[in-house]
Amino acid sequence: MDLGVGWKLHGDGRTPAPGAVVRPDERLSWPRTVGLGAQHVVAMFGASFVAPVLMGLDPNLAIMMSGVATVIFLLATRGRVPSYLGCSLSFVGVAAVIRAQGGTSATVTGAVFVVGVALFFVGVAVQRFGARIIHAAMPPIVTGAVVMLIGFNLAPVTASTYWPQDQWTALLVMLFTGLAVVCLRGFWSRIAIFLGLIFGYGISWAFDRIFGRIHSVDASGKLTDHWRLDLSAVGRADWIGLPDFHGPSFEWSAILVALPVVIALVAENAGHVKAVGEMTGDPLDDKLGTAISADGVGSMLSTALGGPPNTTYSENIGVMAATRVYSTAAYWAAAGFALLFGLCPKFGAVVAAIPGGVLGGITVILYGMIGLLGAQIWINSEVDLRNPLNLVPAAAGIIIGVGNVTMKFTDTFSLSGIALGTVVVITGYHALRAFAPAHLKEQKPLLDEGTSSYEDSYGEAKS
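Since this is a predicted model, take the numbers as computed values, not measurements.

Criteria and thresholds
- Residue positions are counted from 1 within each chain, in the order its sequence is given.
- At least 70 in pLDDT is required for a residue's local features to be given in this predicted model, at least 80 for side-chain atom pairs to be given and counted, and no such filter applies to totals for whole chains, interfaces and linings, which use all residues.
- Side-chain numbers come from the whole structure's heavy atoms, not from hydrogens or water.
- By convention, a stacked pair of Phe, Tyr or Trp rings (six-membered ring in the case of Trp) has centres within 6.5 Å and planes under 30 degrees apart, an edge-to-face pair has planes over 60 apart, and any other such pair is tilted.
- Runs of E in the DSSP output that reach at least two residues are strands. Runs of H or I that reach at least four are helices, and both are numbered from the N terminus.
- Note on exposure labels: buried denotes an accessible area under 20% of the residue type's maximum, exposed denotes more than 50%, and partly exposed covers the range between, all computed with a 1.4 Å probe on protein chains only.
- We call a charge positioned above a ring when the Lys NZ or Arg CZ atom is no farther than 6 Å from the ring centre and deviates by at most 35 degrees from the ring normal.
- Buried Ala, Val, Leu, Ile, Met, Phe, Trp, Tyr and Cys residues that are joined via side-chain atoms within 4.5 Å together make up what is termed a nonpolar core.
- Taking the helix axis as origin, the arc is that swept by the directions to the C-beta atoms.
- We call two N or O atoms a polar contact when they sit within 3.5 Å, provided that within protein one can donate a hydrogen and the other can accept it, with sequence-adjacent residues counted only if both atoms are side-chain atoms.
- Residues count as neighbours in contact if any of their non-hydrogen atoms are within 4.5 Å of one another.
- By definition here, a salt bridge exists when the distance from a side-chain nitrogen of Lys or Arg to a carboxyl oxygen of Asp or Glu is within 4 Å.
- Structural elements are reduced to axes, namely lines fitted to C-alpha atoms, with helices fitted over the stretch in contact, and the angle between N-to-C directions of any two is expressed from 0 to 180 degrees.
- Each angle gets one of four labels, with under 35 degrees taken as roughly parallel, over 145 as roughly antiparallel, 65 to 115 as roughly perpendicular, and the rest as oblique.
- Crossings are sorted by hand: turned counterclockwise from the far helix by less than a right angle, the near helix makes the crossing left-handed, and turned clockwise it makes it right-handed.
- As a working rule, the residues Ala, Val, Leu, Ile, Met, Phe, Trp, Tyr, Cys and Pro are called nonpolar, Asp, Glu, Lys and Arg charged, and the rest polar, with Gly in that last group.

## Remarks on the packing of aromatic side chains
In this description, a pair of aromatic rings is defined by centroid distance and the angle of the planes. Taken as a whole and assessed by the stated rule, the structure comprises 6 aromatic pairs. Each ring, one from Phe113 and one from Phe250, has its centre 5.9 Å from the other, and the planes form 70°; the classification is edge-to-face. With Phe113 in helix H4 (residues 105-129) and Phe250 in the loop between helix H11 (232-236) and helix H12 (252-258), the pair connects residues that are 137 residues apart, well separated along the chain. Residue Phe113 is classed as partly exposed on the basis of its relative accessible area, which comes to 22%. Here Phe250 falls in the partly exposed class, since its relative accessible area comes to 48%. The ring of Trp227 carries the charged tip of Arg209 above its face, separated from the ring centre by 5.7 Å. A cation sits over an aromatic face here: Lys346 above Trp239, 5.1 Å from the ring centre.

This is the structure:
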């Protein structure tokens, strides 16, 4: 059975030939391949380490399981879809809501485990029936609205939790990260979040030396005098050791909050597969269902052990585009580095020590970018917001999600925020569509013409 682990040497093994790319089944020399793997790990550092910290989960376990999930993805797709699977930021708001309701880390990972199961079965359905089922259930107006409300629902977390811990550091980190994203080029632009973290550490250390302790709320919300950068746990941490594992706990209220994120993950995977296919010149539409299922399996395994869920990372697409190297061998190397980092508690302690003000500056940009990905889906799909069939359910769902509106059904069951907003968008759209006149029902597919060919040929072949 071909597992996609046999790579041909590209050219002289040093650099891609002029105008050529190193395809997924090719590689450069092993030293260069290992170096590219390390570069992929750095590219995903920022988001993949910030996410577990924001979710209250072990960053060491997060990086270790990202390596495991990447291996699962590469094996499942037979090495045809180069991708690194890192911790998904789409779940940060979900984790915040669950914890605000009294949930523990086990409750968070239990809810997200169910999302992984749902994602796996979505992938199976796409393999069986074709990508047309994605468009039927989640047209662009629905997908964009759900992604938008997930991102913007996080705004109060930044405003009330991180920014007040050190507003001036947060402001400087926000400005620096924004400049890095806009002004830097190529690889450096792709690791802007990581550079923002490093800058934030430096500024926090300098402010502690210059101004002493800061009088503000700490991570627990108490008003105290404390150091901005506290590295005491780093000195106590071991160099080598296993991360903290825990089993999931399942509660319906938490599961209902988390399930809407399936929509964002499907959109992320579809976009990743399409982008890589276009850049390599190898249509990968027949691997869409497999990629979605593999993502689901990786997330299930990670959350079953107490880690965060995973998803394909756009940062790593940028690295491939900049280097013209799409070799899956580099991703195997990246997965190996991730496993090694996961076995270093001292490294995890450094990540866990990220100052609150630094997180405040980064999350202002990061959460906004997540929300605006929804707008990007609308723009790319040419969604017409003058059409009331699109406008009404999206408007209602976004306000409910962002405003954290609550509907109480019984003394023990209610829906609010992300969960309620998603229900309103999906059910509202399909209910209104059932009664809308024909001229309002014309929609552009969520996936473009290239992936639609997968619907027609692969979908029918599998039916």
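Back to the text.
## So, the nonpolar core
Judged by nonpolar contacts, the single largest core of 98 residues is most densely connected at Met55, Val92, Leu288, Tyr367 and Trp378. Looking at this core, the element that brings in the most residues is helix H13 (residues 261-280), giving 10 residues. Ranked by size, the runner-up nonpolar core spans 5 residues in total, among them Val22, Leu28, Leu36 and Val325.

## With respect to helix H7 (residues 155-162)
An α-helix turns once every 3.6 residues. As a result, residues three or four positions apart point the same way. For H7, the complete set of buried residues consists of Val157, Thr158 and Tyr162. Each buried residue of H7 sits inside an arc of 95° when the element is viewed along its axis, so together they form one side. Of the residues in H7, the exposed ones pointing more than 90 degrees away from the buried face are Ala159 and Ser160.

## Observations concerning the side chain of Ser216
Mapped onto the elements, Ser216 comes out in strand S4 (residues 214-217). When its relative accessible area of 6% is taken as the criterion, Ser216 is described as buried. In terms of polar contacts, Ser216 uses its side chain to reach the backbone carbonyl oxygen of Gln165, at 2.7 Å. What Ser216 contacts, discounting residues up to four positions off in sequence, is Pro164, Gln165, Lys222, Leu223, Thr224 and His226.

## Quick look at the pattern of salt bridges
Evaluated as defined, the whole model comprises 5 salt bridges. Between Asp286 and Arg80 there is a salt bridge, with its nearest N and O atoms 3.0 Å apart. Taken together, the residues span a long stretch of sequence, with Asp286 in the loop between H13 and helix H14 (288-304) and Arg80 in the loop between helix H2 (59-76) and strand S3 (85-87) at a distance of 206 residues. We classify Asp286 as partly exposed; its relative accessible area is 27%.

## Side note on unusual backbone geometry
Its identity as a non-glycine residue notwithstanding, Arg78 has a phi of 55°, on the positive side. The residue Arg78 is located in the loop between H2 and S3 in this model. Classification of Arg78 as partly exposed rests on a relative accessible area of 32%. At Glu382, a position not held by glycine, the phi torsion is positive, near 55°. With respect to the helices, strands and loops of the structure, Glu382 is situated in the loop between helix H18 (356-380) and helix H19 (388-403).

## Focus on the packing of helix H6 (residues 140-152) against H13
It is the contact of H6 with H13, at a shortest axis distance of 9 Å, that shows an interaxial angle of 115°. Considering the angle they form, H6 stands roughly perpendicular to H13. In the crossing of H6 with H13, the sense of the turn from one axis to the other is left-handed. Contacts between H6 and H13 involve Thr143, Val146, Val147 and Ile150 from the former and Val261, Ile263, Ala264 and Ala267 from the latter. Taken together, the residues of the contact of H6 with H13 break down into 7 nonpolar, 1 polar and no charged.

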